[in-house]
Each structure stands twice: as C-alpha cells, then as structure tokens.
Amino acid sequence: MKKATKPTRKAFSERMVEYGKDHTDFVVLEADIGYSTYTHLFGKAFPSRYFNMGIAEANMVSTAAGLAADGRPVIVSSYGVFLSMRAVESMRTYVCYPNLNVKFLSSHGGVTAAIDGATHQATEDMAIVSSFPNMKVLCPADSVSAAKILDLSLETPGPVFVRLMRDPLYEIYDDSYTFKIGGSHVVRQGSDITLVTYGDMVFQSLEAASLLEEKGISVEVIDMYSIKPIDKETLLASVKKTGAVVVAENHQKKNGLGYAVPHYLAKIDCSVPFSHIGLDDTFAESGDYLQVLDAYGLSARCITKAIESTLARKKKELT
Amino acid sequence: MRQISNEPMNSRIERLEAEAKNVRFHIVDMIYKAQSGHPGGALSATDIVTALYFDFMRIDPNNPSWKDRDRFVLSKGHACPVQYASLALKGYFPIAELDTLRKFDSILQGHPVKQKTPGIDMTTGSLGHGLSIGVGMALEGRLTQKDFFTYVLIGDGELNEGQNWEAAAAAAKFSLHNLIAIIDRNRLQMDGFTDEIMPMGSISDKFRSFGWDVLEMDGHNMLDIVLTLEKARLIQGNKPICIVAQTIKGKGVSFMENIRQWHGKAPNEQEYKQAILEIKGTEA
Ligand SMILES: Cc1ncc(C[n+]2csc(CCOP(=O)(O)OP(=O)(O)O)c2C)c(N)n1
C-alpha cells in the first residue's frame, strides 16, 4: 500500500474547491480552524461563498440552518469534538429535524488528534450523529475516497456528516472505485472471518489481515465507509461465507458501528461469533497516534488477537 | 485575611521579570522537545500567569487541593505550557516532567486535565467554558464562606463563543466580586487577526455593559500587571472584575511575535536555538 501524501481532511477540501467551480450554489462556513481543515483553500478561491464564523460552533450550525432553509447546500467545518457536541442541538433540531441540506466536514475523528489529548479526540461522534433521523454518516479511508465523498455528500439531499482524519495514512483506492450512501467495499477477500471497519482503521485492519495470512487465517476486510446507513447486503453475503464477524473502529464501542452490525445480524437471526475493537468505555490520552492506538487496543496487533479468539469461538460452535 | 505584599516594588518587579523569563524558556523548551504544542498563546500570557503564580495567588504546592486556595482556570487551554512551567517552577511536580509534555502516559496532556496534573483546578481545551466554570467556583466560594479569588484567563478569539456572555450575565447577577476574568487581548486567533475573523469591538465596553468592573493593563509590563492585579483584588464592589490585558502573541521570541503560524507549531532546531538565545541572552 502506498503511503498517503495528504490527510483525508485536505483531500476533501481540495475537492471542494474543484467541485465549487461547476457548482456555484453551495457555501462554506468555518469556525476559525480553516488552515487545519483546509477550507481556507475554498475561501481563497471563492471569497464571497466563504464565511468564517469565528470560534462559535453552535452559532455556525444554526446559521447554516438559516442559509439552508430555502434549499441552499451548506458545508460547515470544524473538528469532530466541537461539531458533534458543541453544536449538537443545532445539528439535531435545526438541521436534521427540518431535513436541511447541510454537510458537516468533521475533522480529527477518533483518536487521530492523539497528541492533543482527550479534549480534542472525537471518540463519540459516530454514536451521537448516527442517532439523528435524516442524518447520513460517511467516513472515507483515504484521499481518493475523501474526494469522491465530497461529491457524494453534496449530491445527497439532506444532512450528511463526513468524518475526516488528521494524519495522512495510506492510499487504498484508485480512481475506478465509486461510492454511494449505504455502500461499502470489500478491500480484501477472505473466507475465515469478516472484519468490518472504517476510516483510519481500514489500514490497521488490512495490516492485521496480512499478519494473519502468515498464520494461515484468511480475513475478509470490508470498508464500511457508509456508517449510516450501513451496507447490509455486502455485510450479510460476507458473514454467510465466513461465519464470524469482528468490527474494528476508532471510536467508543458503545453505539458505534460495532452496535449497528450485530444489531442487524441479530434481527435477521444470523447468529455468528462476534467481537468488537474500540475504546472500551474509557477516555484516551495524549501521545503518538500509533502508540495511543496500541495502548487502547485498536492497533493491527490488537485486531489479530481479537480475530484469533473469535475464530476459536467459531470452531467451538461448530463442534 | 490577605496580606498586602510588603516586598519593595523594585525587587518585586525584578523577581517577577526573572521568573517570567524562566517560564518563557520552559515553554519553548517543552514544546520543542514534544515537537507539538501552542507557543504563541502561551507566550502572550506568560507575564500575567507568572504574576499570578509567583505573587498574587494564595496557593500551596504541597497541598494542591487546599480548600482556601485561589483558583485558576486556563480557559484557553491550548496555552497550557505556560501553566505547566509555572506549576513545575512552583514545585507542584519535578521540572523534569516538562520533558514529557504530550507524550504517552505523561501527567502533562496536550490540554490541561484536572485529574492528571497536580495544581490544575479544571480541565480545559474546548474553548469558551472557563468563565462558566469560574462562576461555579466563585459561587462555591460563597457557599463555603471562603475568601478565595477565582481567576479565569480567556483568549480574545475565545470570546467568540456565546457561552462567555451567558457566564458574564450570570456573574453579574450573582454579584461575584470574587471572580476575576483576564482577557489575553493579543488580537490573533487561529485563522488570523481577531478583527478579520470575528470582530468583538470593545471588550471593555461589553463587560461593563454586562455589569462588570473593568480594568485595563499592558500585559507585558510587570509593574502595570502588579498594580492592576492589586487594584482588582482591593476593589470593594459587588461586581465581578474583568481585566483586559493588551498582549502580543508569541511575546519574547521575535520571529513568533504577531505571526498567525506560531499559534500551534513547534520550533525546529535552529528556531529553537534562536528562541532560547533571545529569551535567556545565552545559548541553549
Ligand atoms: C470550542 C473550540 N473550538 C475550536 C477550537 C480550536 N482552537 C484552538 S485555539 C483556537 C484559537 C484561539 O484563539 P484565542 O482565544 O485568541 O487564543 P490565543 O490567540 O491567545 O492563543 C482555536 C480556534 C477549540 N480548542 N475549542
């Protein structure tokens, strides 16, 4: 896999500038972190369509609701912690409830803001925003998908939340891939177990799959970039084939993708061994990103362990 | 009762200026070693925070949770190296700990965390909460009939957050004269100058109209800082007190002063050496 030259936050905002040339209707609101989210590029290209609202996230999102009230598409930008929590009621009651055309550029998802500490780590964002009716939730894993998901979010009516990452990771896709609401991609085929993941954890999952291959374990990895709604078809087809599933996410375990997946499988009486990688009801802390991932059980190494123990349960059930 | 300092003013100012130099050195040093952190806003607040920790606040480094201590809330939590340096120099923890800033398992997190660092009265990092927390602490002081002051240091960009103004109204309503808000008026926020990103007009007028007593000072003139802080705690009113401090972001390191890019960036080796030379007058 090729090391990425840019983080998803940058790829998303660069595409925003390109897309803005042909689509002159949408506007962008920023909350004083435009050099970090790279929306300043849009501001430079289209000064009259760019509004820096200062450090006032709740005001920004309610303002977006006003701008979007007659249908105008609006992108609002900040870090995940502030968008999903500081502006949460504006988001729920004034954007999601009236089903307005507001897109959330939400950077520094999960513990990718590792070095800044827990105050800046968006580790409950998926749980919070996924619970709002009308909201769609996406998380690209690399810069190709980030750029395509910019288009997708603007072409999808209603609120869309896009989780982006602080650090450049790895390139997974080439330009031939397409992305849709409720879509996913099988990024590695396998037969023993299904590993469902998104965002920066796609790379950790692929690493884990490679490590396990050496032990003769064949892992199928699904990039569930559409966290709400999830791609049930691909999930079910894979689980039927493998008979076991692990969800790995850079998020609290509670109410994340690791709740949505088994909830769906249980509803259709598909009972298979299941494990969940995520923050275990704890705040993380400052430190090097990979070190923090490992310390909180989210690294490739930790995923391999979870897969092995899940496979052991699968064997037991079969005997 | 509180003692008025009987230290001769000259030596008091000299002592504090020397201490501020020391704090500046440690700010740059720890951010360099971490290769991460926010030097600009830490350096603009250095002289104020130094005066508070090394002169004004009634604190006991051996007893960080002493109920009678003055409280300090660094509402602009990203500037925490200034507080970490002050706490270490006061003896709350060994100075060597500063080398662990932002590293895994450190007591010094990227933003202040109450339960990890001795001497931190409240967790901060998400801007715009500190003044509300200060209102709560000042109310607690009243409930427990203690005479401690609560100092809250707030960024001028941070004042964009509407919650500050909710807190300002509450503090006035409850006549919290034991609450002192200090605004670090360095005229920069993250994306640029405050006047361009979100103009706040006259901060003094705003607080005054909310029912506060307002003082102004030069946040880098130690004599002015000492006289103003003295005045603030001697005011016999029933209003909360706001001090607007004119400051320079990056103060003390010429190439960082007034430059947006030094909001959240660590110096490289060469920049580090030059910064230390400027602060100490000798090589690192
Ligand atoms: C609620 C919230 N929004 C955004 C940020 C990101 N952020 C950190 S510092 C900063 C600028 C702060 O400006 P100011 O208050 O003037 O501080 P100073 O310039 O003194 O460092 C921003 C936007 C944050 N920490 N919290």
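The text that follows walks through the structure, step by step, so that each part is easy to find.

Scanning chain A for helices and strands turns up 13 helices and 14 strands. For a compact globule of 319 residues, the expected C-alpha radius of gyration is about 20 Å, and chain A comes in at 19 Å, within 12% of that figure. With the C-alpha coordinates of chain A rotated into their principal frame, the extents come out at 65 × 40 × 40 Å. By the burial criterion, 62% of the 319 residues in chain A qualify as buried. Put simply, of all contacts in chain A between residues at least 6 apart along the chain, 78% involve residues at least 24 apart. Total accessible area on chain A stands at roughly 12000 Å², and carbon and sulfur atoms take up 52% of it. Distance between charge centres in chain A, computed from 33 positive and 37 negative side chains, equals 2 Å.

Moving on: the interface of chain A and chain B. Of the residues lining the interface, 27 residues belong to chain A; the matching set on chain B comes to 29 residues. Summed over both partners, the interface of chain A with chain B buries about 2100 Å², with 50% contributed by carbon and sulfur atoms. When the buried area of chain A at its contact with chain B is split by residue, I55, R86 and E285 of chain A rank highest and sum to 29% of it. Between E285 of chain A and K116 of chain B there is a salt bridge whose closest N-O contact spans 4.0 Å. Remark: the boundary between chain A and chain B carries 21 residue pairs in polar contact (both at pLDDT 80 or more).

In this structure, the largest pocket encloses a volume near 970 Å³. As for the largest pocket, its lining consists of 46 residues, and the residues nearest its centre are Y79 of chain A together with H38, M190, H263 and G264 of chain B. Mapped onto the lining of the largest pocket, the elements with two or more residues apiece are α2 (34–37), β4 (74–79) and α5 (80–86) of chain A. Broken down by class, the residue content of the lining of the largest pocket amounts to 11 nonpolar, 20 polar and 15 charged. The calculated volume of the second largest pocket comes to roughly 470 Å³. Looking at the second largest pocket, it is lined by 20 residues, and the ones nearest its centre are R2, D147, F149, H177 and R233 of chain B. Listing elements by their share of the lining of the second largest pocket, those giving two or more residues are α5 (130–143) and α9 (222–234) of chain B. In terms of residue count, the dominant contributor to the lining of the second largest pocket is α9 of chain B (3 residues).

Here we take up the site of the ligand. Within the structure, the ligand sits among 24 residues, and E57 of chain A together with K76, H78, N186 and K249 of chain B are positioned closest to it. The ligand sits at a junction of chains, with neighbouring residues supplied by chains A and B. Separating an oxygen atom of the ligand from a side-chain N or O atom of D156 of chain B is a distance of 2.9 Å. Its free accessible area being 590 Å², the ligand has 99% of it covered by the protein chains. With respect to the detected pockets, the ligand is housed in the largest pocket. Classifying every residue of the shell around the ligand gives 6 nonpolar, 10 polar and 8 charged.

Let's shift gears to the packing of aromatic side chains. Considering all chains together, one arrives at 17 aromatic pairs over all chains under this definition. With 4.7 Å between their ring centres and 65° between their planes, Y173 of chain A and Y177 of chain A make a pair best called edge-to-face. Owing to a relative accessible area of 5%, Y173 of chain A belongs among the buried residues under this scheme. Measuring from centroid to centroid gives 6.5 Å for Y296 of chain A and F104 of chain B, while their planes differ by 85°, and the two rings are edge-to-face. Of the two residues, Y296 of chain A is situated in the loop between α12 (289–295) and α13 (300–318) and F104 of chain B in the loop between α4 (80–90) and α5; the pairing between them involves two chains. Members of the aromatic cluster, connected to one another through ring pairs, are Y19, F26, F42 and F46 of chain A. The ring of F148 of chain B carries the charged tip of R71 of chain B above its face, separated from the ring centre by 3.8 Å. The ring of W262 of chain B carries K265 of chain B above its face, with NZ or CZ at 4.3 Å from the centroid.

About the criteria used
- Residues numbered from 1 in each chain as written.
- Chains lettered and ligands numbered in written order.
- Predicted model: local features only at pLDDT ≥ 70, side-chain atom pairs only at ≥ 80, totals over all residues.
- Heavy atoms only, no water.
- Helix = DSSP H or I, 4+ residues; strand = E, 2+ residues; numbered from the N terminus.
- Rg over C-alpha atoms; globule rule 2.2 N^0.38 Å.
- Buried < 20%, exposed > 50% of the residue type's maximum accessible area, 1.4 Å probe, protein only.
- Contact = heavy atoms within 4.5 Å.
- Areas by Shrake-Rupley, 256 points an atom, 1.4 Å probe, with all protein chains shown as cover.
- Lys, Arg positive; Asp, Glu negative; His and termini not counted.
- Charge placed at Lys NZ, Arg CZ, Asp CG, Glu CD.
- Buried area = accessible area lost by both parts, 1.4 Å probe.
- Salt bridge = Lys/Arg side-chain N within 4 Å of Asp/Glu carboxyl O.
- Polar contact = N/O pair within 3.5 Å; in protein donor to acceptor, adjacent residues only side chain to side chain.
- 1 Å grid on protein atoms, 1.4 Å probe; cavity = no way out; pocket = protein on both sides within 12 Å on 5 of 7 lines; lining within 4 Å.
- Points joined across faces, edges and corners; volume = space filled by probe spheres on them.
- Nonpolar A, V, L, I, M, F, W, Y, C, P; charged D, E, K, R; others polar.
- Near = heavy atom within 4 Å.
- Sits in = over half its atoms within 2 Å of the grid points.
- Phe/Tyr/Trp six-rings, centres within 6.5 Å; stacked < 30°, edge-to-face > 60°.
- Lys NZ or Arg CZ within 6 Å of the ring centre and 35° of its normal.

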